[in-house]
Structures are given as structure tokens and as C-alpha cells.
Amino acid sequence: MLRLVLVGGFLGAGKTTLLWNAAKRLRSRGLAVGLITNDQAPQLVDTALLTRAGVSVTEVSGSCFCCDYQGLLDAIDELRNRRVVDVVIAEPVGSCTDLSATIVQPLKDKLRDRLVVAPLTVLVDPARMADLLEGGTAGLHPGAAYILRKQMEEADILVLAKADVLEPGEAVALRDRVRAAHPGATVRTLSSRTGEGLEEWLEEVMTRSDAGLHLAEVDYDLYAEGEAALGWLNATLTLEGDPAGWNAFVRRLLEGLAERFRSSGAAVGHVKVLLDAGGTFVVGNLTGAAEAAELRGSAGLSPRAELTINARVEMPPGDLERSVRWVLDAAAADGIGWKEHRWRCLSPGRPEPTHRYGFVVEPESR
Ligand SMILES: Nc1nc2c(ncn2[C@@H]2O[C@H](COP(=O)(O)OP(=O)(O)OP(=O)(O)O)[C@@H](O)[C@H]2O)c(=O)[nH]1
Ligand SMILES: [Mg+2]
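Novice: Quick question: what am I supposed to make of the overall build of the protein here?
Specialist: Summing up its helical and strand segments, the protein has 11 helices and 14 strands in all. Here the C-alpha radius of gyration of the protein, 20 Å, is about what a compact globule of 366 residues would show, namely 21 Å. Once the C-alpha set of the protein is aligned to its principal axes, its extents read approximately 65 × 45 × 40 Å. Each of the 366 residues in the protein was classed as buried or not, and the buried ones make up 50%. Long-range pairs, those at least 24 residues apart, make up 76% of the contacts in the protein between residues at least 6 apart in sequence.

Novice: Please clarify how helix α1 (residues 15-28) should be interpreted in this entry.
Specialist: Side chains three or four residues apart in an α-helix point the same way, a direct result of the helix having 3.6 residues per turn. For α1, spanning 14 residues, the distance from its first C-alpha to its last is 20 Å, which sits close to the expected 20 Å at 1.5 Å a residue. Listed in full, the buried residues belonging to α1 are Lys15, Thr16, Leu18, Leu19, Ala22 and Ala23. Looking straight down α1, one finds its buried side chains confined to an arc of 150°; they lie on one side. As for α1, its buried residues are in contact with β1 (2-9), β2 (33-39), α2 (45-52), β4 (87-90), β6 (121-124) and α8 (198-207). Downstream of α1 by a residue or two, Gly30 has a phi angle that is positive, lying close to 90°.

Novice: Even after reading the chapter, I still don't get the domain arrangement of the protein, so can you show me in this structure?
Specialist: In many analyses, interface size is given as the accessible surface area lost on bringing the parts together. What the domain assignment reports for the protein is domain 1 (2-225) and domain 2 (230-346). Placing a centre on the C-alpha atoms of domain 1 and another on those of domain 2 gives a separation of 26 Å. At the junction of the two partners, domain 1 supplies 18 residues and domain 2 supplies 22 residues. Its residues placed into classes, the side of domain 1 that touches domain 2 shows nine nonpolar, seven polar and two charged.

Novice: Teacher, can you tell me more about the nonpolar core here?
Specialist: Nonpolar side chains in soluble globular proteins tend to be buried together. Ile89, Val124, Leu158, Val159 and Leu275 are the most contacted members of the largest nonpolar core, which totals 112 residues. With eight residues, helix α10 (residues 246-263) is the largest single contributor of residues to this core. Each of domain 1 (2-225) and domain 2 (230-346) accounts for three or more of the residues forming this core. In contact with Leu158, other than residues within four places in its own chain, are Val122, Val124, Met152, Val178, His182, Ala185 and Val187.

Novice: Please explain the packing of helix α5 (residues 126-133) against helix α7 (residues 168-181) as it appears in this structure.
Specialist: Two quantities define a packed helix pair, namely the angle between the helix axes and the distance between the axes. Two numbers describe how α5 lies on α7: the axes approach to 11 Å, and their chain directions differ by 50°. Relative to α7, the element α5 lies oblique. In the packing of α5 onto α7, the handedness of the crossing is left-handed. Only Leu174, Arg177, Val178 and Ala181 of α7 make contact with α5, whose side of the interface consists of Pro126, Met129, Ala130 and Leu133. Residues belonging to the contact of α5 with α7 are distributed by class as follows: seven nonpolar, no polar and one charged.

Novice: I keep staring at the environment of Trp326 and nothing clicks. Help me out?
Specialist: Within the element layout of this structure, Trp326 appears in helix α11 (residues 317-331). Taking the C-alpha atoms as reference, Trp326 lies 9.4 Å from Arg260; in sequence the two are 66 residues apart.

Novice: Got a minute to help me understand unusual backbone geometry in this structure?
Specialist: Of all residues except glycine, most have a negative phi; of all peptide bonds, most are trans. Within the chain, Gln43 stands out as a residue other than glycine whose phi angle is a positive 70°. Position of Gln43 among the secondary structure elements: in the loop between β2 and α2. Residue Gln43 is classed as buried on the basis of its 20 C-beta neighbours within 10 Å. Phi is positive for Lys162, which is not a glycine, with a value near 50°. Relative to the helices and strands, Lys162 is located in the loop between β7 (157-160) and α7.

Novice: I keep staring at the pairing of β6 and nothing clicks. Help me out?
Specialist: Residues in a regular strand project their side chains so that they alternate between the two faces of the sheet. Burial along β6 is two-sided: Thr121 and Leu123 and Val122 and Val124, pointing in opposite directions, are all buried. Sheet topology note: the β1/β6 ladder contains three bridges and is parallel. Its bridge partner lying in β6, Val7 is registered against Thr121.

Novice: I keep staring at the site of ligand 1 and nothing clicks. Help me out?
Specialist: Ligand 1 sits among 22 residues. The nearest are Gly14, Thr16, Thr17, Gly94 and Asn285. Those elements that provide at least two residues to the shell around ligand 1 are α1 and β10 (268-277). Take the shell around ligand 1: its biggest share by element is three residues, from α1. Classifying every residue of the shell around ligand 1 gives four nonpolar, 11 polar and seven charged.

Novice: I'm lost on the sheet that holds strand β14 (residues 337-346) in this one. Help?
Specialist: Sheet strands pair by backbone hydrogen bonding; their relative direction is either parallel or antiparallel. Taken together, the six strands give an open sheet; going across it, the order is β12-β11-β10-β13-β9-β14, and neighbouring strands pair in antiparallel fashion. Each edge of the open sheet carries a strand with a single partner, namely β12 (294-297) and β14. Put simply, the sheet's adjacent strands are angled 15° from each other on average, direction ignored. In this structure, β10 lies alongside strand β13 (residues 304-313), joined through eight bridges in antiparallel fashion. Bridge pairing in β13 places Lys272 opposite Asn310. Helix-sheet contacts for α2 involve β10, β11 (280-286) and β13, and the interaxial angle to β10 is about 45°.

Here is what the cut-offs are and how they apply
Residues numbered from 1 in each chain as written. Chains lettered and ligands numbered in written order. Predicted model: local features only at pLDDT ≥ 70, side-chain atom pairs only at ≥ 80, totals over all residues. Helix = DSSP H or I, 4+ residues; strand = E, 2+ residues; numbered from the N terminus. Rg over C-alpha atoms; globule rule 2.2 N^0.38 Å. Buried ≥ 20, exposed ≤ 12 C-beta atoms within 10 Å, placed from the backbone. Contact = placed C-beta atoms within 7 Å. Expected span 1.5 Å × (residues − 1). Arc of directions from axis to C-beta. Domains from an automatic or database assignment. Nonpolar A, V, L, I, M, F, W, Y, C, P; charged D, E, K, R; others polar. Core = buried A, V, L, I, M, F, W, Y, C linked by C-beta atoms within 7 Å. Axes fitted to C-alpha atoms, helices over the stretch in contact; angles between N-to-C directions. Parallel < 35°, antiparallel > 145°, perpendicular 65-115°, else oblique. Left-handed = near helix turned anticlockwise from the far one by under 90°. Pairing = 2+ DSSP bridges. Near = placed C-beta within 6 Å.

Next comes the structure, spelled out in C-alpha cells:
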């Protein structure tokens, strides 16, 4: 039977990177894998990136999985219509929580004949985890930190991601503190970058079928407030300019944005950009205004490039749009012209889940 693996966690926690690495390993075991991305608006860097990596991927955009339950089912069907699929790995929007009640329980209840749901995995960035354990907000709006806490509370498997950024002793100590705070979850450390802990996590999600063991008590007013604190921008542009300068352009853009958000005191959820010049591409990420921009890949020597920007930052959408336009103009000052194709800027609306179960669906009551 088809296995569905849900990988949740806050913005920038490392979900898409894990999806890609997991898909590669499962493929090498001879399994057919499909991936599903999810966002409040179309034009996703994640989808573009995974597609370029040669995986079968589809997206649910315009709403989170919980508010578009049917959209998730349709996406699973779309993957199955393309070819036989053994495993689907799906990444819900990073600002989404209450997935156990709104997705996992309904799936266990309604689709028991069609799929097995793996334990709900939630990734947490260690840079945020330490402060949250101290009762802090990890530099986020209290409502956004509330979402992150609820994500951890409902996890079946709680993963301290990006373990490579910690010293080995530090990782073990932090993991033990998370275990003490979340005794009902399996707590793991994992690094998609080094591969540490990846096989063990895969083994667990590929063999266990006791998904959704916990429900978090979620106050939807606070949840909505946390989502509304985030400005959301998805844009696609065409650039024209010096073919040798694309990587430097992406760096200027991300550093300019980091500086702009720092000076306005706006916390960064995640800013990701994908620049494709003649079939080769460079990806840039910013997971905090104080964090260094990360660039991977290298753009080709084409005078034209396509740029996709996805930014989730704690500022009103209008301010976010003005900031991005201003930094784009500054970064493009050295003879680069840009023309926008699609530009969506919004603040996520109040979550209104399609289903919400107030109880854990037991195997015998299915
Ligand atoms: N050091 C380190 N960085 C990682 C690891 N996994 C992901 N990252 C980096 O973290 C950033 C965010 O990664 P993504 O996989 O895009 O995160 P995400 O959770 O999918 O983000 P959203 O889709 O915006 O919610 C990128 O810069 C990644 O390269 C890891 O294992 N180690
Ligand atoms: Mg992602």
C-alpha cells in the first residue's frame, strides 16, 4: 500500500532538503517516490528546485494542506496517475500546525484502504530550539513562536535538524533536553548535509504506522495571529545583464535583504531565491536576518535569467514588497535590468481546516 510521510516544521527548518535527500535514498532502494510541496501562493522555489533534481513533484498552492484537504488528496492522485508510486513525502507550509488533528487523523479514518500514514515528523532548527526550551520566542513574534511550539507538541518524531552545525556533545545535550520536554515523541538528531541520522529516520518512517499519537490543544486565535505576523511574497522576474555576474547578483540581493530586514527589526522566517540562467542555476537562502546568506550552485553564462523569490518575513506585506523592490533595484544597479512576471504579496488568512478531529483515531476504531 502507498505510504505517506509528512515532514512538518517551521519555515527554513530544512524540510525540502530532507525531502530531496530522502527521495534519493529511497530511489536507490528501488522505490518509486513522489513529493508534494505546499504554500499559500504559487511560484515555489521548492517545487522548481525539486523538479530540477529530477524527482516527481507536485504542489498544493494557495492554501495549506489542512485548509485544502482535498487538494492534498488530489496531489497524491496526480502523482499516482503519472506512475506507480510506493512512497509520497509531503511538506506542509512551515507556518502550519495542528496537522495531527486536521490531516493525520482524517487520513487514518477515511483512507485506511488506500494508504498508510507514517508517524508525523517535525523538524526544528537548533538555532531556534535552544531558545524555545528556555521559554523564549527564538527571535520570532510570540504568535509565530506559538506555532512552532504547537508543531513540536504534536510531533510523533521530533527531529533536531541541521545537526552538523552543532558540536557532537552539544547535539546530544540539546537532544536530551528535547526528550525531557517531549517525552511522548521519538527525538532524533539529523543532518541532511552530512547524512547523519538520515538512514535511522528513514527506517522509522518506512516501517512505523502509528501516526498521529498526539493532538495539540491549539488556540486558533493565537495561531491566526502568528500567521498574520508574517508577510509572504512570491515573485518571478526576468533579468538581463552580464552573464558572468549572476552569482554575485544573488549574493548582493540576499545580503541587501538581510541588511534591510535587520535595520527594520523584522524577523526572517525564510527567504529563498532561485536564479536560472540557461539551464544551470544558483539557489540562495536566508533563514534569519543575522544569519549568513547561503548560496549553492552556479548560474550559467546566459545574458537572460529567470529569478524566483519566496520571502516569509515578519512585516506587513506592503512593507515587504517595498523592501524587496528597493533591494532588487539596488542589487541590479550594475547594469542589470529586471522585469516582473508575477508578483504575489499577502499575509496568510485565518486557518479554517476542512476537518478537525478532537480525538486520536485508534487502529481498531478505523
Ligand atoms: N547546515 C545545514 N543546513 C541545512 C540542512 N538542511 C537544510 N539546510 C539549509 O537550511 C536552509 C533551509 O532549508 P530548506 O530545506 O529550504 O527548509 P524548509 O524547511 O523547506 O523551508 P520552507 O519551505 O521555507 O519552510 C537552506 O539554506 C538549506 O541549505 C542541514 O542538514 N545542515
Ligand atoms: Mg521547503
